[in-house]
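If you want the building blocks of each chain, they are given just below.
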Amino acid sequence: MKGLGIDLCGIQRIQRVLEGGDGFLRRYFTQEEQAYIARRGKAGPESAAAMFAAKEAFLKALGTGIDGGIPLTEVSVAHEESGQPRYVLGETAQQAMAQRGAGSAWLSLSHEAGVAAAVCVLE
């Protein structure tokens, strides 16, 4: 294992931000992520919270944190047909992961009782 990160995000906090317009989505999420969140309807805020937590968990696993110079749009979350989440990394994020000696980033998401959680393991 080359890195481990975990993050929690309040769903209600994300819901309030989303109600204020789409600036938050445009700033932190790729177009594909934004479309996924929109398709989720009422479950959109919990999906957005889990995906935001996934971005922070990845950056924690790298050891850089959110202010480490990697834009959050470089760390994207996609979903397999089964619903399993996976990372889609931009070039900057891939390079940072390679510098850490990792070749894979594993992701697990969960949400319950108003909180979304993400765990990232770098191998």
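Above this note sits the structure.
What you see as residue numbers is a count from 1 along each chain, following the sequence as written. Thresholds applied to this predicted model are a pLDDT of at least 70 for local features of residues and 80 or more for the giving and counting of side-chain atom pairs; totals over whole chains, interfaces and linings are not thresholded and use all residues. Computation of side-chain values covers all heavy atoms of the structure but excludes hydrogens and water.

Peer 1: So what's going on with the packing of helix H3 (residues 31–39) against helix H4 (residues 44–62)? Which residues, and what values?
Peer 2: For the pair H3 and H4, the least separation of the axes is 7 Å and the interaxial angle reads 150°. The element H3 and its partner H4 pack so that their crossing is right-handed. In contact with Glu33, Tyr36 and Ile37 of H3, H4 contributes Gly44, Ser47, Ala48, Met51 and Lys55. Polarity classes work like this: nonpolar for Ala, Val, Leu, Ile, Met, Phe, Trp, Tyr, Cys and Pro, charged for Asp, Glu, Lys and Arg, and polar for all others, with Gly in that last group. Its residues assigned to classes, the contact of H3 with H4 shows four nonpolar, two polar and two charged. To obtain an axis, a line is fitted to C-alpha atoms, over the contacting stretch when the element is a helix, and the angle between two such axes runs from 0 to 180 degrees between their N-to-C directions. Each helix corresponds to a stretch of at least 4 residues labelled H or I by DSSP, and each strand to a stretch of at least 2 residues labelled E; elements are numbered beginning at the N terminus. Note: crossing handedness is left-handed where the near helix turns anticlockwise from the far helix by less than a right angle, and right-handed where it turns clockwise. Working rule for contacts: check all heavy atoms of both residues, and any pair within 4.5 Å makes them a contact.

Peer 1: Please give an account of the pairing of strand E5 (residues 115–122) that cites residues and values.
Peer 2: Classification of residues uses two cut-offs on accessible area relative to the type maximum, computed with a 1.4 Å probe and protein chains only: under 20% is buried, over 50% is exposed, and between them is partly exposed. Across the two faces of E5 the burial differs, with Ala116, Ala118, Cys120 and Leu122 buried and Val115, Ala117, Val119 and Val121 not buried at all. Two strands make a pair as long as DSSP finds a minimum of two bridges between them. As judged from the eight bridges shared by strand E1 (residues 3–10) and E5, these two strands associate in the antiparallel manner. Counted as the bridge partner of leucine 4 is valine 121 from E5. In textbook terms, the turn of a hairpin is the stretch between consecutive antiparallel strands, and for strand E4 (residues 105–112) and E5 this stretch comprises two residues, one of which, alanine 113, has a positive phi near 50°.

Peer 1: Let's hear about the side chain of threonine 30: which residues, and what values?
Peer 2: Assignment of secondary structure puts threonine 30 in the loop between helix H2 (23–28) and H3. Beyond its immediate stretch of four places on either side in the chain, threonine 30 contacts Thr73 and Ser76.

Peer 1: Could you give an account of the packing of aromatic side chains, naming the residues involved and the relevant values?
Peer 2: When the centres of two rings from Phe, Tyr and Trp lie within 6.5 Å, Trp using its six-membered ring, the rings pair. Their planes under 30 degrees apart give stacked, over 60 give edge-to-face, and anything left gives tilted. Counted under the stated rule, the structure contains six aromatic pairs. The interplanar angle of 80° and the centroid separation of 5.7 Å between the aromatic rings of tyrosine 28 and phenylalanine 52 together place this pair among those described as edge-to-face. Here the residue tyrosine 28 occupies a position in helix H2, and phenylalanine 52 occupies one in helix H4, the gap between them amounting to 24 residues. For phenylalanine 52, a relative accessible area of 4% puts it in the buried group. Aromatic rings pair up to connect Phe24, Tyr28, Phe29 and Phe52 into one cluster.

Peer 1: Lay out H4 in plain terms, naming residues and giving numbers.
Peer 2: Helix length check: H4 (19 residues) gives 27 Å between terminal C-alpha atoms against 27 Å at 1.5 Å per residue, within 8%. Across the 19 residues that make up H4, a large majority, 17, are buried. Of the residues one or two after H4, glycine 63 is the one with positive phi, at around 90°. Here a helix's expected span is defined as the number of its residues, less one, multiplied by 1.5 Å.

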